[in-house]
Amino acid sequence: MNELFVFAGVIALASVSPGPNVVLVVDHSLSFGVRRVAPTILGNISLLFLVALAAALGVAALLLAMPGLYDGLRLAGAAYLVFLGVRALRNAWRLRSDAVVGAPAAEVSALRRYLQAFFVSATNLQSVFFLAALFPNFVHHDQPLAPQFCVLFSVLILVVGSVHFAYALSAAMIQSRVGDRRFRRSVQAVSGVAMLGFGTAIAASVLRR
């Protein structure tokens, strides 16, 4: 049981650090309401589940053995983050117009929000290697593996989902105090810069190799 608390603590610390998926959760919470952020969080943890499964099955080692494929996937993810960053900055600029400020955000289906979060989370291939390094420390090979993986996956999903919901709830509370117009515009701008920064950093790390 103590090992599970340690595992949950490590996952929580890793999840608290703001990444592209956290930025997207906050953005969707402010744009569509905290009650409608569930598809975004589900998209994040769905991809994370696949990442954890891939790490457990040794896909991380396969990607390392195929550097061309790994770099290609990272560049594709970087391009997607840059696209989202540019779009967020454009939205922030448009919100400066009095005619637009205060207007409700354009309707986006739950499926589209889920897929957007899924693909944003997919840009973070480093999580594959993080989990690949983490899992073996909490798996006992003298015991059945399947039940252990189920427990670890459940803890992973519960912790990450809780952290992301806490971000969404905090953003909504701050928005209610600061004011909808100014805060939404500021978050859009910060989200755009953050997405551009993440995408640029990923692309630069690939091209430097």
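The sections below set out a description of the structure shown in this document. (Residues numbered from 1 in each chain as written. Predicted model: local features only at pLDDT ≥ 70, side-chain atom pairs only at ≥ 80, totals over all residues. Heavy atoms only, no water.)

## A look at the overall build of the chain
Applicable threshold: Under the scheme used here, helices are H or I runs from DSSP no shorter than 4 residues and strands are E runs no shorter than 2 residues, and both carry numbers assigned from the N terminus. For each residue, the accessible area found with a 1.4 Å probe, counting protein chains only, is set against the maximum for its type, and the residue is called buried under 20%, exposed over 50%, and partly exposed in between. Contacts were defined at the residue level, with two residues in contact if any of their heavy atoms lie within 4.5 Å. All accessibility values rest on the Shrake-Rupley procedure with a 1.4 Å probe; residue burial counts only the protein chains present in the view.
When helices and strands are tallied, the chain shows 9 helices and 0 strands. If you list the helices and strands of the chain from N to C, you get α-α-α-α-α-α-α-α-α. Taken over 209 residues, the chain has a buried fraction of 43%. Here the contacts in the chain between residues at least 6 apart in sequence split such that 87% fall between residues at least 24 apart. For the chain, the exposed area adds up to about 11400 Å²; of that, 68% sits on carbon and sulfur atoms.

## Some words on the packing of helix 2 (residues 20-32) against helix 6 (residues 110-122)
Selection rule: Orientation is described by lines fitted to C-alpha atoms, with helices fitted over the stretch in contact, and by angles between N-to-C directions that extend from 0 to 180 degrees. The scheme is simple: roughly parallel for angles under 35 degrees, roughly antiparallel for over 145, roughly perpendicular for 65 to 115, oblique for anything else. Less than a right angle of anticlockwise turn of the near helix away from the far helix marks a crossing as left-handed, whereas a clockwise turn marks it as right-handed. When residues are grouped by polarity, Ala, Val, Leu, Ile, Met, Phe, Trp, Tyr, Cys and Pro land in nonpolar, Asp, Glu, Lys and Arg in charged, and all others, Gly among them, in polar.
Where helix 2 contacts helix 6, the two axes come as close as 9 Å, and the packing angle between them is 160°. If you check the angle between helix 2 and helix 6, you find them roughly antiparallel. Relative to helix 6, the crossing made by helix 2 is right-handed. Facing helix 2, whose interface residues are Pro20, Asn21, Leu24, His28 and Phe32, helix 6 presents Arg113, Gln116, Ala117, Val120 and Ser121. Classifying every residue of the contact of helix 2 with helix 6 gives 5 nonpolar, 4 polar and 1 charged.

## Description of the side chain of Ser15
Within the secondary structure, Ser15 is located in helix 1 (residues 2-16). In this structure Ser15 comes out as buried when scored by relative accessible area, which is 10%. Here Ser15 is in contact with Val22, Val160, Val163 and Tyr167, once residues within four sequence places are set aside.

## A short note on the side chain of Arg113
The criterion, for reference: Any pair of nitrogen or oxygen atoms within 3.5 Å is treated as a polar contact; in protein, a donor-acceptor pairing is required on top of that, and neighbouring residues in sequence qualify only through side-chain atoms on both sides.
Structurally, Arg113 can be placed in helix 6. Within the local environment of Arg113, its side chain forms a polar contact with the backbone oxygen of Arg36, the two atoms lying 2.4 Å apart. When sequence neighbours within four positions are dropped, the list of residues in contact with Arg113 reads His28, Phe32, Arg36, Pro39, Thr40 and Val108.

## Considerations on helix 2
Stated precisely, the cut-off is as follows: Expected helix span is computed as 1.5 Å times (number of residues minus one).
For helix 2, built from 13 residues, the straight-helix expectation of 18 Å at 1.5 Å per residue is met to within 8% by its first-to-last C-alpha distance of 18 Å. For helix 2, the buried fraction is high: 12 of the 13 residues fall into the buried class. When helix 2 is considered as a whole, its buried residues turn out to be Pro20, Val22, Val23, Leu24, Val25, Val26, Asp27, His28, Ser29, Leu30, Ser31 and Phe32. Immediately beyond the C-terminal end of helix 2, within one or two residues, lies Gly33, with a positive phi of roughly 100°.

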